[in-house]
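This is what each chain is made of:
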Amino acid sequence: MPVLRSTSKASRRSRLAAAGTLLAALSLLLTLPGAASAAGTHDSAAAKKPARGTATMGMGVVAHDGQGGLPRDTRAVQTEGVDVSGHQGNVNWSTLWNSGVKWAYTKATEGTYYTNEYFAQQYNGSYNVGMIRGAYHFATPNTTSGAVQANYFVDHGGGWSRDGKTLPGVLDIEWNPYGDQCFGKTAAGMVSWIRDFVNTYKARTGRDAVIYTATSWWKTCTGNNAGFGATNPLWVARYDSTVGELPAGWGFYTIWQYTSSGPTVGDHDRFNGALDRVQALANG
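Residues numbered from 1 in each chain as written. Predicted model: local features only at pLDDT ≥ 70, side-chain atom pairs only at ≥ 80, totals over all residues. Heavy atoms only, no water.

Looking at the overall build of the protein chain
Argument step 1. For the protein chain, the count of helices and strands is nine helices and nine strands.
Argument step 2. The 284 residues of the protein chain split such that 44% are buried.
Argument step 3. Contacts spanning at least 24 positions in sequence make up 69% of the contacts within the protein chain whose residues lie at least 6 apart. (Helix = DSSP H or I, 4+ residues; strand = E, 2+ residues; numbered from the N terminus. Buried < 20%, exposed > 50% of the residue type's maximum accessible area, 1.4 Å probe, protein only. Contact = heavy atoms within 4.5 Å.)

The following block contains the structure:
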C-alpha cells in the first residue's frame, strides 16, 4: 500500500508539472508580438468599420493617398466649391457664399438603403443663397447593380433640370469603407458596374454623370480603364499642392477635391474654370 500511495503522488506531481508547462507555453505564445499584432489588427479593423450610410466623399483619401500642402497659385481661373453630406448637418450657406464658394454638391444617397436626412437643408439652402448645386451618390457596387442604384439616386434627389442652377449628378466611386476596397469585384466587373450606372443615369436624366474618384483607386479597381473620359466629366480627389496624375482616359479634370480640412465645411473643391464654365456644365 505505501508503494501505491507513493506512485499515486508521483503521478499527480507529473500531471501538475505538465499542466504548468502547458500554461507557461500558452502564456508565452499570447505575449509574442505576432499574436498581439494579429489580435490587435482584427479588433482595430472591427472597431474602425463605420456604420452603413455614413460614407462621405473622399473619406478614404488620406488613409490611402496621404495628404500634402494646399494647391499652389496658378494663372488658371478656378471656381471654389464644397461638397457636403449628413455628417455636416445644417450648413451655414451664407458664410460659405460670402467666403467665395459659388457651387456645392450634396450627398443624396448611398447604395439603395440610405438617403441623407439633411438633404433638403443642404441642397435647397445652397440654391437659396445663389449657388449652383448638384447631388452625389456614394456607390456600393457589392450590394445592388449599377442600374438599380442609378434609379434610386434619381428617385431620391439626384435628378437634373435645365434651370441653370442644377449640376448633373455625381457617381462617387472610391474605396469601400465597409470592406474590400474594390467591393469584391474584378476590374472588368467594376467597369461593367460603372457603365451600368452611368448609362442608366443618362437614360433617366439626359445627362452624363460626373465621375468622382481617386487615381490610385481607379488604377487598382478598374485596371485604369480609359473608357469614360470622352463622356463623363472627371472629379478627381487629391489632397496636395498639385492635382497629380489623372486616371486613364481623361486629359483634364473638371473638378478637383483638394482638401477635407477647409473652412466652415471641410471638403473644398476647385472647378477647373471660371463661374461661366460651372454654369455651362449646369446647362448641359
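Observations concerning the pattern of salt bridges
One side chain can pair with another of opposite charge once the charged atoms of both are near each other.
Argument step 1. Here the structure, examined in full by the defined rule, presents six salt bridges.
Argument step 2. Among the salt bridges present, the one from D208 reaches K202, with a minimum N-O distance of 3.5 Å.
Argument step 3. Take K202: its relative accessible area is 38%, and that puts it in the partly exposed class. (Salt bridge = Lys/Arg side-chain N within 4 Å of Asp/Glu carboxyl O.)

Details of the confidence of the model for the protein chain
Argument step 1. When the pLDDT values of the protein chain are averaged, the result is 86; 81% of them are 70 or greater.
Argument step 2. A low-confidence stretch, residues 1-12 stays under pLDDT 50, and its non-local contacts, those more than four residues away or across chains, total zero contacts.
Argument step 3. The low-confidence segment residues 21-46 (pLDDT under 50) makes three contacts with residues lying over four places distant or belonging to another chain. (pLDDT = per-residue confidence, 0-100.)

What to know about the side chain of D267
Argument step 1. On the secondary structure map, D267 appears in the loop between β8 (255-259) and β9 (268-271).
Argument step 2. Buried and without a salt bridge, D267 has K107 as its closest oppositely charged side chain, separated by 11 Å. (Lys, Arg positive; Asp, Glu negative; His and termini not counted.)

Looking at helix α7 (residues 187-205)
Argument step 1. Taking 1.5 Å per residue, 19 residues should reach 27 Å; α7 reaches 27 Å between its end C-alpha atoms and fits that length.
Argument step 2. Turning to α7, its buried residues are M190, V191, W193, I194, F197, V198, T200, Y201 and T205.
Argument step 3. Of the surrounding elements, those touching the buried residues of α7 are β4 (132-138), α6 (146-158), β5 (170-172), β6 (210-213) and α8 (215-222).
Argument step 4. Residue G206 follows α7 closely and has a positive phi angle near 85 degrees. (Expected span 1.5 Å × (residues − 1).)

Some details on the packing of α6 against α7
Argument step 1. Relative to each other, α6 and α7 sit at 40 degrees, their axes nearing to 7 Å. With respect to α7, the axis of α6 lies oblique. In the crossing of α6 with α7, the sense of the turn from one axis to the other is right-handed. Together, G146, A147, Q149, A150, N151, F153, V154, D155 and G158 of α6 and W193, D196, F197, T200, Y201, R204 and T205 of α7 make up the contact between the two elements.
Argument step 2. Classifying every residue of the contact of α6 with α7 gives seven nonpolar, six polar and three charged. (Axes fitted to C-alpha atoms, helices over the stretch in contact; angles between N-to-C directions. Parallel < 35°, antiparallel > 145°, perpendicular 65-115°, else oblique. Left-handed = near helix turned anticlockwise from the far one by under 90°. Nonpolar A, V, L, I, M, F, W, Y, C, P; charged D, E, K, R; others polar.)

Details of the nonpolar core
Argument step 1. Judged by nonpolar contacts, the single largest core of 54 residues is most densely connected at W103, Y105, I173, I194 and W235.
Argument step 2. Once you skip the residues sitting within four places of it in the chain, I194 turns out to touch L171, I173, I211, W218, T222 and F228. (Core = buried A, V, L, I, M, F, W, Y, C linked by side-chain atoms within 4.5 Å.)

Observations regarding the pairing of β6
Argument step 1. Here β6 shows a buried face lined by V210 and Y212 and a second buried face lined by I211 and T213.
Argument step 2. As judged from the three bridges shared by β5 and β6, these two strands associate in the parallel manner. When the sheet's bridge partners are listed, V170 is paired in β6 with V210.
Argument step 3. Once you follow β5 into α7 and on to β6, the crossover reads as right-handed.
Argument step 4. As judged from the three bridges shared by β6 and strand β7 (residues 234-237), these two strands associate in the parallel manner. The partner of T213 across the bridge, within β7, is V236.
Argument step 5. Handedness of the β-α-β unit built from β6, α8 and β7 comes out right-handed. (Pairing = 2+ DSSP bridges. Right-handed = clockwise from strand over helix to strand, strands pointing away.)

Let's talk about the pairing of β8
Argument step 1. With five of five residues buried, β8 is to be regarded as a mostly interior element.
Argument step 2. Here four bridges tie β8 to β9, and the two strands are oriented antiparallel to one another. Its bridge partner being in β9, Q257 is matched across the sheet by D269.

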